[in-house]
Amino acid sequence: MPASGPAGVPTKITQGAQAAGGIGESTLRPDGILKVTGEFAYSSDLWHEDMLWGHLLRSTVAHAEIVSIDVSEALALPGVHAVLTYDDLPTGVRTYGLEIQDTPVLAHGKVRHHGEPVAAVAADHPETARRAAARIRVEYRELPVITDESSATAPGAVLVHEGRTDHYAPYVTHPNILHRQPIVRGDAAAAAGRADVIVRGEYTFGMQDQAFLGPESGLAVPEEDGGVHLYIATQWLHSDLRQIAPVLGLPEDKVRMTLAGVGGAFGGREDLSMQIQACLLALRTGRPVKIVYDRFESFFGHVHRHPAKLTYEHGATRDGLLTHVKCRIVLDGGAYASASPAVVGNAASLGIGPYNVGDVDIEALALYTNNPPCGAMRGFGAVQACFAYEAQMDKLAKELGLDPVEFRQRNAMEQGSTLPTGQVVDSPAPVAELLRRVKAMPMPPERQWESSEGADVRQLPGGLCNTTHGEGVVRGVGYAVGIKNVGFSEGFDDYSTARVRMEVVAGEPVAVVHTAMAEVGQGGVTVHAQIARTELGVEKVTIQPADTRVGSAGSTSASRQTYVTGGAVRNACALVREKVLEIGRRKFGTYHPAWATAELLLERGKVVTDGGEVLAGLADVLEGESVEIEREWRHRPTQPFDRLTGQGNGHVQYSFAAHRAVVEVDTELGLVKVVELACAQDVGKALNPLSVLGQIQGGTVQGLGVAVMEEILVDPVTAKVRNPSFTDYLIPTILDTPTIPVDVLELADHHAPYGLRGVGEAPTLSSTPAVLAAVRAATGLELNRTPVRPEHLTGTA
Amino acid sequence: MRVSLTVNGRPQQADDVWEGESLLYVLRERLGLPGAKNACEQGECGSCTVRLDGELVCSCLVAAGQAEGREVVTVEGLADHAAGRRATAPGVGLDEARRWQPVPGEGARLAPIQQAFIDAGAVQCGFCTPGLLVAADELLEQNPEPTDADIREALSGNLCRCTGYEKIMDAVRLAAARQAEEV
Amino acid sequence: MEFLRPASWQEALAAKAEHPTAVPIAGGTDVMVEINFDHRRPTHLLDLTRIGELTEWETGTDSVRLGASVPYARIMRHLRAELPGLALAAHTVASPQIRNRGGVGGNLGTASPAGDAHPALLAAGAEVEAESAARGTRLIPVDTFYTGVKRNALEPDELIRAVRIARADGPQQYSKVGTRNAMVIAVCAFGLALHPETRTVRTGIGSAAPTPIRAEVAEQFLNSALEEGGFWESGQIIAPSAVKQFATLCAAACNPIDDVRGTAGYRRHAIGVLARRTLMWAWESYRGGHRVTEGAA
């Protein structure tokens, strides 16, 4: 057993006086210096004396029976320490999954998608491990592939999962349908009779990848007590733990988990990747094992955003009021369940967008296919719907001869509106105002690419590739708005835990905040320190590394962490404050009557009355003592949606953003340059305005990416991924990215801590349809799919 | 094989290097310098960017053996590299001393571009940050007053997935402005 | 795997003769990707970066002898006047980091139809200087250099020492279509060079056929149209119908495939557009008396 700890493990970060500041200030990241000096330890940076390298062998076909696996040649290779297959798994628990445990740790009998892990190798060098994996002989007998709805539900279709026992199975019409959620309200068919105009559309949304830059990676270190310590980049430590421990056959307290540096997530780290395999290899070899995916493997190593087919019918009266919406959203869940059921719930419940419509008929479902598994990605089901319903809104506006913004505003939901689920929106919903604001922003100058020396190609479609000097270039403008739920919905017990301690260090009061929140770049650690300063009146806050020695913080997803773990930190701070004041009363209460009578606050390191009188220094109060509280905190409960009608108070909060896109399209070559993507978003309360902008701008560009370039291409015949690399899966560069002016609105949601509203996802929804609308405006084309490729703009698809 | 090179001004040596290893692997796994990042290992993302004999390169595409005898600057050495560029005379000038501010975190010394990235909010997950810093520092070395289009062109080999690049633009503008004030 | 580090050109040739399967590596921008992704495990890597002459160039009266490893960044910076088409192509290569490492020798060695340099070399006119220890130097016209998808005319014991590229005697242009505004592999690319001294126009097409090609029928059409109309002397605007016909013939010269980067139909269409635009830009520049023109990048 290794005696020393691994190198580069996360250390606590103390942020001191320079960044004194509570909520509402743009304090700087506590991990900023480590990140700019290269010292911040990401999961792929970890190193341990005696460490081995793990590597996974993945299936080369999408759907096949495994006839045989022969690992003998791999084991014979010098430097190889272990080769594991399904038969080596230590317990009867051999699958995992977020909600449905349908994903094999290593394939058993069958592979269901291209790139499914079949065997795991540990060796002394990554190249040895790769060579060993290449010597494993796997014989496959290929099966027909299920790739879309028609092949999934065709008579006699092969079942992706036979003998389903999950709780969705009894309600679906075919075993290759994972989950189906209808939402019916009013009478859409009757309402259609009142419509003066009806528009229909079929839309296709391509498979998007999270494309976080830090590859899946982690280090598993076997421990003396037979347990294992896993240093890992993830979005939710405790969810990982719950899935890992049973497979290892260990109690949860023998699987210790510490969050290593996370190089972005965006939903792609909500599911397990190499966690279990690394632990298994470490326990088998008795040596620390590190696994780091390369970019190729990363495309197989996490779930993607569901590709979708969406069919919509919208009706409106001549005066521009929506009469009804009917829609059907078919999401391709791929081979394993992942988060698909919840994605279906979102797509259905948010399927008509932020509009008032009394009569709706919605159906959303996810398929089991042999395509790559799909699950969580920023926007989570609301993204695909937004692309389609916003295209419909533009179509309707055009039919009615109305301005698209004006038409949206006439139908915009507001506080007090009722959603198709029957839920009443009980906090601000400034949809019309966001549209007004984004429209009112100044337009970027025309022909911004002209310079004194001629056309600056860097500012034209095609960029550095010198494809146009202005020829064929047409400008277009488009608008879109979206609605995203915040937090986990449908009755999920969505809580977080915070442990806060207050103590005196070197004569100064310090707050220590310990949560299991996964900092994936969003700036949660910054906000926790701000909350502690605001609540406890200290300057110095120490953020402990996230690990499983403290209770669950829930997932860093669903725009929920500032709300829920922020709320937990605030709650724990308030309890600590009470304890501190109790100590103060005990020690000093006899010296001043205000201890007993006044409202007491902690400010600038002191106990003060609400009148501003200083009663004592915190250092004196806490002399020789410390206060520590750990508490769970939860937001208001939600309810599941009714299986048949979709009715129910399923969501806890909503987030709204609107975009205006200005694009220039080289109409002859079909190349697009987004000139500007202006955004207006309501954030309730900006706890850290700089971080809020970062979230909005980052989310906006992910939406831009799937509008014009990002798509995982899966061969429709073989179900194999065709472009698993950064050469052919393109994400926007800085030359593809426009200026992104942001107008932040702060209308408090009184149900939420500080009135805040989750920020991260909403901007990813509306930027895609805004860009598409602008491209439609420039080209006059219908464009019913995203991403739109040059072929679609030039009639050469 | 053995590879000897100079990294951030210090002679370094790595033994038992596999011939197919990249400079990136040697830096990260053999020399304890994980600052250069392994995001794509195909030259498409720029997160492994270092200076090789002064040139901006993707260290994932430099074979370890090609770095033999060369000089490498990584993000870990960027502060010294930038300081070396600015130093006209040894020691701290009076003006510089007056501007000195305490920096949290063991008094880390930062290159102007590093400080600007922190101040402008250009760091989120931070995985692209080391490569961007090395590239942006080189830009400001070559072109102290870049236009926005110049910045975008110079950084077009560095992908960032978190920020949408706006704060990165701000950071480079900020560093350029601070650099101009100093002169 | 063995790593060979010849200190001189002669040593490199000797090593290649001894180990014909050795893979030459200079900028590493192709080879290292294949190694990192486990697509290739050569027996030997032949490092050429220690041979100084490969990163040098000589400018003669009629041609530039460009060392095989001169990085694209230096071509962009220093050879815009002599090799304007190649300088433009160099600017479209990947990223600043890659342009600091990659060179024309690598593009020729890999011989991918998507290599950015090829259309510019075809349009300008070039010869590949290949050498072996056994047989010495031979000059391979670039038109015959590409023999198939990722195959070229080199013998196993040969290395590329330099490329001799005709100095521009008139305006040259280069355009490349990618689905991103920077750092992108060509969906297709087009190079065009006016050669007033010989009164010819030459073209190069990338990524729209199994190998880089010239649009020879289009060239012949345009050469005779320009000759017959006396356009070289008069500098008149070329009739739109002639430009259109030239573009159509360029598109017809393509033999593209559908792949993840684009459809065959789009490639053919885009080559037509690029042919028209590059001809217009180059001819405008010729009329204006400028030897060189390009976008202000």
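Calculation notes
- Residues numbered from 1 in each chain as written.
- Chains lettered and ligands numbered in written order.
- Predicted model: local features only at pLDDT ≥ 70, side-chain atom pairs only at ≥ 80, totals over all residues.
- Heavy atoms only, no water.
- Buried < 20%, exposed > 50% of the residue type's maximum accessible area, 1.4 Å probe, protein only.
- Helix = DSSP H or I, 4+ residues; strand = E, 2+ residues; numbered from the N terminus.
- Contact = heavy atoms within 4.5 Å.
- 1 Å grid on protein atoms, 1.4 Å probe; cavity = no way out; pocket = protein on both sides within 12 Å on 5 of 7 lines; lining within 4 Å.
- Points joined across faces, edges and corners; volume = space filled by probe spheres on them.
- Nonpolar A, V, L, I, M, F, W, Y, C, P; charged D, E, K, R; others polar.
- Buried area = accessible area lost by both parts, 1.4 Å probe.
- Salt bridge = Lys/Arg side-chain N within 4 Å of Asp/Glu carboxyl O.
- Polar contact = N/O pair within 3.5 Å; in protein donor to acceptor, adjacent residues only side chain to side chain.
- Arc of directions from axis to C-beta.

Named according to an unreviewed UniProt entry, chain C is Xanthine dehydrogenase family protein subunit M originating from Streptomyces griseoluteus.

An unreviewed UniProt entry lists chain B under the name (2Fe-2S)-binding protein, from Streptomyces griseoluteus.

Trainee: Explain helix 4 (residues 84-91) of chain C to me, please; I cannot follow it from the model alone.
Mentor: Along an α-helix, residues three or four positions apart point the same way, because every turn accommodates 3.6 residues. Among the 8 residues that make up helix 4 of chain C, 8 are buried, leaving the element largely enclosed by the rest of the structure. Those residues of helix 4 of chain C lying buried are Pro84, Gly85, Leu86, Ala87, Leu88, Ala89, Ala90 and His91 of chain C.

Trainee: What is the right way to read the side chain of Gln392 of chain A from this model?
Mentor: Structurally, the position occupied by Gln392 of chain A is in helix 10 (residues 382-400). Residue contacts for Gln392 of chain A: discarding those within four places in its chain leaves Val199, Arg200, Gly201, Tyr203, Tyr312, Glu313 and His314 of chain A.

Trainee: Explain empty space enclosed by the protein here, please?
Mentor: If a probe the size of a water molecule is rolled over the atoms, the empty space left behind becomes visible. All names here are of chain A. Counted by the stated rule, this structure contains 11 cavities of 30 Å³ or more. Looking at the largest cavity, its volume works out to about 270 Å³. Among the secondary structure elements, those contributing two or more residues to the lining of the largest cavity are strand 6 (103-104) and helix 8 (295-301). Among the residues forming the lining of the largest cavity, the class breakdown is 10 nonpolar, 9 polar and 3 charged.

Trainee: For this particular structure, what's the right way to read the interface of chain A and chain B?
Mentor: One frequent convention defines the size of an interface as the accessible area lost when the parts assemble. Counting residues at the interface gives 65 residues for chain A, matched by 56 residues for chain B. Of the roughly 4700 Å² buried at the junction of chain A and chain B (both faces included), carbon and sulfur atoms supply 59%. Contact with chain B buries area across many residues of chain A, yet Val36, Leu213 and Ile734 of chain A alone supply 17% of it, more than any other trio. With a shortest N-O distance of 2.6 Å, Glu710 of chain A and Arg161 of chain B are connected by a salt bridge. Taken together, chain A and chain B are joined by 28 residue pairs in polar contact (both at pLDDT 80 or more). Contributions of two or more residues to the side of chain A that touches chain B are made by helix 1 (32-37), helix 3 (126-134), strand 15 (289-292) and helix 17 (689-708) of chain A. A total of 8 residues in the side of chain A that touches chain B trace back to one element, the largest contributor, which is helix 17 of chain A.

Trainee: Explain helix 2 (residues 78-86) of chain B here, please?
Mentor: Residue and element names in this part refer to chain B. Leu78, Ala79 and Ala82 are the residues of helix 2 that are buried. End-on, the buried residues of helix 2 take up no more than an arc of 100°, which puts them together on one face. Contact partners of the buried residues in helix 2: helix 5 (112-120) and helix 6 (129-142).

Trainee: Hey, could you run me through the pattern of salt bridges in this one?
Mentor: Where charged atoms of side chains with opposite charge meet at close range, the side chains can pair. If you walk through the whole model with that rule in mind, you get 91 salt bridges over all chains. Between Glu129 of chain C and Arg65 of chain C there is a salt bridge, with the nearest N and O atoms lying 2.8 Å from each other. On the criterion of sequence distance, the pair formed by Glu129 of chain C in strand 6 (residues 126-132) and Arg65 of chain C in strand 5 (residues 63-67) is long-range, its members being 64 residues apart. The class for Arg65 of chain C is partly exposed, based on a relative accessible area of 22%. Taken together, the salt bridges that share partners define one network made up of Glu127, Arg130 and Arg131 of chain A together with Asp38 and Arg41 of chain C.

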